[in-house]
2 protein chains.
Amino acid sequence: MLIGQQSWIFETKPVIRSTATIGGPFEAKGRLTDEFDLLHDNLWMGQDSYEKAQTVLIEQACETAIQKGGLKKEQIQFMLSGDLVNQLTPSTFAGRSLKIPYLGLFGACSTSMEGLAMAAYLVHTKGANHVVAVASSHNAATEKQFRYPTEYGGQKPPTSQWTVTAAGAAVVSNEGNGPRVTSATIGRIIDMGLSDPFNMGAAMAPAAVDTLEAHFRDTKTSPEDYDLIVSGDLGEIGLAIAKELCEQKGIKLKENQFKDCGLMIYREGQPVLAGASGPGCSAVVTYGHLLNRMKQGELNRILVIATGALLSPLSFQQKESIPCIAHAVSIEAAEVRV
Amino acid sequence: MLIGQQSWIFETKPVIRSTATIGGPFEAKGRLTDEFDLLHDNLWMGQDSYEKAQTVLIEQACETAIQKGGLKKEQIQFMLSGDLVNQLTPSTFAGRSLKIPYLGLFGACSTSMEGLAMAAYLVHTKGANHVVAVASSHNAATEKQFRYPTEYGGQKPPTSQWTVTAAGAAVVSNEGNGPRVTSATIGRIIDMGLSDPFNMGAAMAPAAVDTLEAHFRDTKTSPEDYDLIVSGDLGEIGLAIAKELCEQKGIKLKENQFKDCGLMIYREGQPVLAGASGPGCSAVVTYGHLLNRMKQGELNRILVIATGALLSPLSFQQKESIPCIAHAVSIEAAEVRV
């Protein structure tokens, strides 16, 4: 099960039995409109705060995924959830209404794959029959907490990224049909000394490549084993740096093999600067777009590396650099048999 | 492995191979002085912020535990850590310096047993040979973030609790000597509508009892199977409520069988109002005092139920009640054989 230093092989290949993706109004104007289960037409989702709106996203993502999987809430053993809001408020309040035994996770934007890795682990090792893993973010809740009130209209440099308003949930099961989770690599925290919170892609790129290297070393695989390697979310700047680091380290990638969730979700022309980010971004791009492409036979094996910038407003004020982490999960299409 | 709805049985009984407990100056005046590996004589621990001081506590707890276990950092597969500071800043920065593949957890004060449960799970299922689980809190970092600057001298009601300055770490292994982790129960989020952040014991008591009930139901055990059931941290108010709820639910406890970590760590006369709290409290009381009593043969089987109040300053401002959770882990002395 443990393979190498920091990876797990899931020989039973737990099934991603169903997923759900819920988005906001800005995502509704994006490139992946057809791959959401539900798109809200305003940021409030009928609530009186953005954090409560994010709770609704999580509840809807979990309930929809569970329903699509033909299950009832009571059949799900554990809910694994995390988000960017202090004390994981939206996750906690969704856990309260869903009443599923709950494990809170925090890895900033890497939480999506921290959750999927743990969910597959629990199912593979018979610690659960069904687990729901969910990751979410809300643009306005995030802006308010980490940066300025949006009403202030603060200008951002072109290296900064746009936090996605979305929640993506996956029900991982020991039975059913769907893409299978085959392995996972848990990352170390890497900090190369970058400290600009408006350029997190650059800060996160070395963590992504550290985990990528560890994944190939531990699982004795190479880029050739994957149709697509996708980070979430490095944006334009971070992806370019990650590709350069791969080249330096002798990781040979094919043309167009390494992409980024943060560059897939929005259309050309949407004002997202260096790209999208937020735990909800890699969750909905993976659980919507990428798994749909797998189901359609366009992709057989993918590796999703979710990256997290583990800074806080306080660590920035205390003039600290940005510690980063990345967790990788490999997924293969239902019909692939080794 | 999964037993019942929300519990795990660890048939291989992963070993708590070594632990370490690091405390602050107020803990140095407490009742458990002899059961700390290191006590700092001021709150700053040589750093220029309380959050950085908390990072030092975590680093020292992990390094000491790993060293006491006769291991090197490189032999530890995963570090599981969580704390109360926004974005888990102290955990993250400790993970950066320790360089051990890292999983961030958040369950407020329940994080101590969320971490121990997951560590035992990973070792039992051969996903790791050695895992370090650590939980921590720092009184001044917590006061600053959740309440008032301590310099303000704000008065508190007698129902409030005192956040412990401490970090407790446990190395859980597939080999070695020490107390064994035998099962764990992951809690649901329970919210009975209480909203007073200065009375979190009362808010958390129903979550503790919900998990206790689930544990007995799932594992087919009863209070008679344990020499001691210990919550962390309900304080005086919460413990009294929890005992009453147990009685109502027909959970028959012996005299003095149900105690609370928050009532063990300080001496009579220390101004801690209803008792101690913080993820560091249940961690150091369990990993120091309780495991020492097990090693001395005074206790054979204990159940630790760590409780967390999952509120945030923001959820309080938005007039929300306090969602609570509790995770339980059962530990037996090294020599107990069933």
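These numbers come from a predicted model, not from an experiment.

So, on to unusual backbone geometry. Residues and elements named next belong to chain A. Following Gly232, the chain continues to Asp233 via a peptide bond in cis, the omega torsion being 5°. Inspection of the secondary structure assignment puts Asp233 in the loop between strand S11 (228–232) and helix H6 (235–248). Phi angles above zero are rare outside glycine, and Lys13 is one such case at about 50°. By secondary structure assignment, the location of Lys13 is in the loop between strand S2 (7–9) and strand S3 (15–23).

Here we take up the interface of chain A and chain B. In many analyses, interface size is given as the accessible surface area lost on bringing the parts together. Each partner contributes residues to the interface: chain A has 57 residues there, and chain B has 58 residues. Taken together, the two surfaces of chain A and chain B that pack against each other cover about 4,800 Å², and 62% of this comes from carbon and sulfur. Interface area lost by chain A to chain B is led by Gln87, Arg96 and Ile189 of chain A, which between them contribute 15%. Linking chain A to chain B there are four salt bridges. For Arg96 of chain A, the salt bridge identified is with Asp191 of chain B, shortest N-O distance 2.4 Å. Applying the counting rule to chain A against chain B returns 32 residue pairs in polar contact (both at pLDDT 80 or more). If one sorts the elements of the side of chain A that touches chain B by residue count, helix H2 (residues 89–98) of chain A sits on top with five residues. For the side of chain A that touches chain B, the residue count by class is 26 nonpolar, 20 polar and 11 charged.

This paragraph deals with the domain arrangement of chain A. Residues and elements named next belong to chain A. As assigned here, chain A comprises domain 1 (2–173) and domain 2 (184–332). Placing a centre on the C-alpha atoms of domain 1 and another on those of domain 2 gives a separation of 17 Å. Taken together, the 57 residues of domain 1 in the interface contact 60 residues of domain 2. Both sides together, the interface formed by domain 1 and domain 2 hides about 4,700 Å², and carbon and sulfur atoms give 62% of it. Interface area lost by domain 1 to domain 2 is led by Gln6, Met113 and Gln161, which between them contribute 17%.

Rules of the game
- Residues numbered from 1 in each chain as written.
- Chains lettered and ligands numbered in written order.
- Predicted model: local features only at pLDDT ≥ 70, side-chain atom pairs only at ≥ 80, totals over all residues.
- Heavy atoms only, no water.
- Helix = DSSP H or I, 4+ residues; strand = E, 2+ residues; numbered from the N terminus.
- Contact = heavy atoms within 4.5 Å.
- Buried area = accessible area lost by both parts, 1.4 Å probe.
- Salt bridge = Lys/Arg side-chain N within 4 Å of Asp/Glu carboxyl O.
- Polar contact = N/O pair within 3.5 Å; in protein donor to acceptor, adjacent residues only side chain to side chain.
- Nonpolar A, V, L, I, M, F, W, Y, C, P; charged D, E, K, R; others polar.
- Domains from an automatic or database assignment.

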